[in-house]
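Coordinates in review
Read off the chains here:
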Amino acid sequence: MIAIPQERRLVTAVPGPKSQELQARRTATVAAGVSSTMPVFAERAGGGIVEDVDGNRLIDFGSGIAVTTVGSSAEAVVRRASAQLADFTHTCFMVTPYEEYVEVCEQLAALTPGDHAKKSALFNSGAEAVENAVKIARSYTKRQAVVVVDHAYHGRTNLTMALTAKNMPYKNGFGPFAPEVYRVPMAYPYRWPTGPENCGPEASAQAIEQITKQIGAQNVAAIIVEPLLGEGGFIEPAKGFLPALAAFAKDNGIVFVADEVQSGFCRTGAWFACEDEGIVPDLITTAKGIAGGLPLAAVTGRAEIMDAAHASGLGGTYGGNPVACAAALGAIETMRELDLPAKARRIEEVMKGRLTAMSEKYDVIGDVRGRGAMIAVELVKDRTTKEPAADVAGALAKACHQAGLVVLTCGTFGNVLRFLPPLVIGEDLLAEGLDIIEEKLAEL
Ligand SMILES: *Cc1c(COP(=O)(O)O)cnc(C)c1O
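Rules behind the numbers
Residues numbered from 1 in each chain as written. Predicted model: local features only at pLDDT ≥ 70, side-chain atom pairs only at ≥ 80, totals over all residues. Heavy atoms only, no water. Helix = DSSP H or I, 4+ residues; strand = E, 2+ residues; numbered from the N terminus. Rg over C-alpha atoms; globule rule 2.2 N^0.38 Å. Buried < 20%, exposed > 50% of the residue type's maximum accessible area, 1.4 Å probe, protein only. Contact = heavy atoms within 4.5 Å. Areas by Shrake-Rupley, 256 points an atom, 1.4 Å probe, with all protein chains shown as cover. Lys, Arg positive; Asp, Glu negative; His and termini not counted. Charge placed at Lys NZ, Arg CZ, Asp CG, Glu CD. Near = heavy atom within 4 Å. Polar contact = N/O pair within 3.5 Å; in protein donor to acceptor, adjacent residues only side chain to side chain. Pairing = 2+ DSSP bridges. Axes fitted to C-alpha atoms, helices over the stretch in contact; angles between N-to-C directions. Expected span 1.5 Å × (residues − 1). Phe/Tyr/Trp six-rings, centres within 6.5 Å; stacked < 30°, edge-to-face > 60°. Lys NZ or Arg CZ within 6 Å of the ring centre and 35° of its normal. Parallel < 35°, antiparallel > 145°, perpendicular 65-115°, else oblique. Left-handed = near helix turned anticlockwise from the far one by under 90°. Nonpolar A, V, L, I, M, F, W, Y, C, P; charged D, E, K, R; others polar.

1. Quick look at the overall build of the chain
A count of helices and strands for the chain gives 13 helices and 15 strands. Relative to the 2.2 N^0.38 estimate, which gives 22 Å for 444 residues, the radius of gyration of the chain is 21 Å and therefore close to what a compact globule would have. Dimensions of the chain, computed from the C-alpha atoms along their principal axes, are close to 60 × 60 × 45 Å. With 444 residues in all, the chain has 54% of them scored as buried. Residue pairs in contact within the chain that sit at least 24 positions apart in sequence constitute 73% of those at least 6 positions apart. With an accessible surface of roughly 18,100 Å², the chain has 53% of that area assigned to carbon and sulfur atoms. Across the chain, the centroid of the 41 positively charged side chains sits 3 Å from that of the 52 negatively charged ones.

Right under this line is the structure:
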């Protein structure tokens, strides 16, 4: 049962007076570098609704950036995390361990692709998981180079800034960056010069050529790629690209890492996005959707790779916090019970149907893409030149916000409007959110 009524309701302008008051306090005391999509302060949230401090109820097409897949107050998450909170908040797994951590690792071994022996290590954030995947891969291979792709996003810490492609806002002025990071082409079907049908084979050939000629495969510890790119623009790598890179990695003793921090845990209509082309990564990084909103992240992978780092080489004070682990067990239980991969596929069907129809009416929509409840439209000024229309994406997002719909933008060119509803959203709210998008599109 979701306590908060599942209906959009606007009782003030968005943002309302209380949000504006809080925004003034925030501006005085919160660092300017930490910004927000909407100047609207949340009071409670659940299902497909975020209620603000003025009593407005907004439809949630953001899930706090793909985190609250099971909703923002899922019963099993609240129950299990609350019980754990009452038992103890922290002992530090590196001091006196507890069962919940072990149980999360057991679940990760069971749920991630491949039937090989697996182990996991738990952390607090996606960036931390990616950093640790690099440590583990370097330790196992005794090599240093790390290969990432164009448009990649892997986080905001020093090493993950180096792995991330986009300068503004993620990297500008924050260097120097970590060495031994190399970027290769990404199979971006919509913008591939010779067309989407050539994209997979050409991009993988170029990437492999660059690795062998410029780095030397024997120097590469890891290839890291998001099976469905998140911040970079919800780009689905053209078919064949990921299998070619995974096969190349296997042939050359390189650890293939799938960064599923955004795409994992049912978001794309499967438990993990890499299942789409039958990829079995050596390591997989997860976070966002894993624990219903509590901070938890993991690296999961082949036991012999995961065990390569020496004792005490991995860890952290809070990594795998017991309350976050209990929440993860509640989130996973909810995903299973409600068959959330199927819910994600149904959301895709509804969203793609409506958005494709809109793209037939409005030339500004250059591309409709994504899988499951990770869907986006790329906006362009002209369908032939594909010149990015970042201004339209920004204006459309703002108009949606004012109408009570939480939507996010993304993409290297800032021209992608992305939709990440909680998988438990009702179909009526989903349809109403799409109505708002269409209405605002028509007005623009
Ligand atoms: C969000 C994200 C990260 C970083 O996760 P944080 O929890 O913000 O550190 C890394 N990789 C991908 C693919 C992401 O979407």
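2. Focus on the site of the ligand
The local shell around the ligand consists of Ser125, Gly126, Ala127, Tyr153, His154, Gly155, Glu226, Asp259, Val261, Gln262 and Lys288. Within the backbone of Ala127, a nitrogen or oxygen atom sits 2.8 Å from an oxygen atom of the ligand. Backbone polar atom of Tyr153 to a nitrogen atom of the ligand: 3.5 Å apart, as the coordinates give it. In the complex, 83% of the free accessible area of the ligand, which totals 380 Å², lies under the protein chains.

3. Examining the sheet that holds strand 3 (residues 57-60)
Reading across the sheet, the 4 strands line up as 1-2-3-13 and stay open at both edges, with mixed pairing between neighbours. Unpaired on one side and paired on the other, strand 1 (42-46) and strand 13 (405-406) mark the two borders of the sheet. Two elements, strand 1 and strand 2 (residues 49-52), share 4 bridges in a ladder whose sense is antiparallel. Looking at strand 2, one finds that Arg44 is bridged to Glu51. Set on the sheet, helix 13 (residues 427-443) makes contact with strand 2, strand 3 and strand 13; between it and strand 3 the angle comes to about 95°.

4. Some thoughts on the pairing of strand 4 (residues 118-123)
For strand 4, the tally of buried residues reaches 5 of 6 residues, placing the bulk of the element in the interior. Inspection of the sheet shows strand 4 paired to strand 10 (residues 297-302) by 6 bridges, in the antiparallel sense. Bridge pairing links Leu122 to Ala298 in strand 10.

5. Some points on helix 10 (residues 322-337)
An ideal rise of 1.5 Å per residue puts 22 Å on 16 residues; helix 10 measures up with 22 Å between its terminal C-alpha atoms. Summarising burial for helix 10: 13 of the 16 residues are buried, a large majority. N-cap assignment for helix 10: the residue whose side-chain oxygen lies 2.8 Å from the backbone N of Val323 is Asn321. Positive backbone phi, approximately 45°, marks Asp339, located one or two places after helix 10.

6. Looking at the packing of aromatic side chains
Counted according to the given criterion, the structure contains 8 aromatic pairs. With a centroid separation of 6.4 Å and an interplanar angle of 70°, the aromatic rings of Tyr98 and Tyr101 are classed as edge-to-face. Residue Tyr98 shares its accessibility class with Tyr101, and that shared class is buried. By the ring-pair criterion, three or more aromatic residues cluster together here, those being Phe88, Phe93, Tyr98 and Tyr101. It is Lys171 that lies over the ring of Phe177; its NZ or CZ is 5.3 Å from the centre. Taking NZ or CZ as reference, Lys386 lies 4.4 Å from the ring centre of Tyr190, over its face.

7. What about the packing of helix 11 (residues 340-361) against helix 13?
Here helix 11 crosses helix 13 at 15°, and the two axes come no closer than 11 Å. Regarding the angle of helix 11 to helix 13, the classification is roughly parallel. Crossing geometry of helix 11 relative to helix 13 is assigned as right-handed. Two secondary-structure elements touch here, helix 11 through Arg346, Ile347, Val350, Met351, Arg354, Leu355, Met358 and Lys361 and helix 13 through Glu427, Leu430, Ala431, Leu434, Asp435, Ile437, Glu438 and Leu441. When its residues are assigned to classes, the contact of helix 11 with helix 13 shows 10 nonpolar, no polar and 6 charged.

8. Structural notes on the sheet that holds strand 14 (residues 408-410)
One open sheet accounts for 4 strands, arranged 11-12-15-14; its pairing is antiparallel. What marks the edges here is a single partner per strand, and that holds for strand 11 (365-371) and strand 14. Each neighbouring strand pair of the sheet contributes to a mean axis angle of 25°, computed without reference to strand direction. Bridge count for strand 12 (residues 374-379) against strand 15 (residues 416-419) is 4 bridges, and the pairing is antiparallel. Counted as the bridge partner of Glu378 is Val416 from strand 15. Relative to the sheet, helix 11 contacts strand 11, strand 12 and strand 15, its axis offset from that of strand 11 by approximately 170°.

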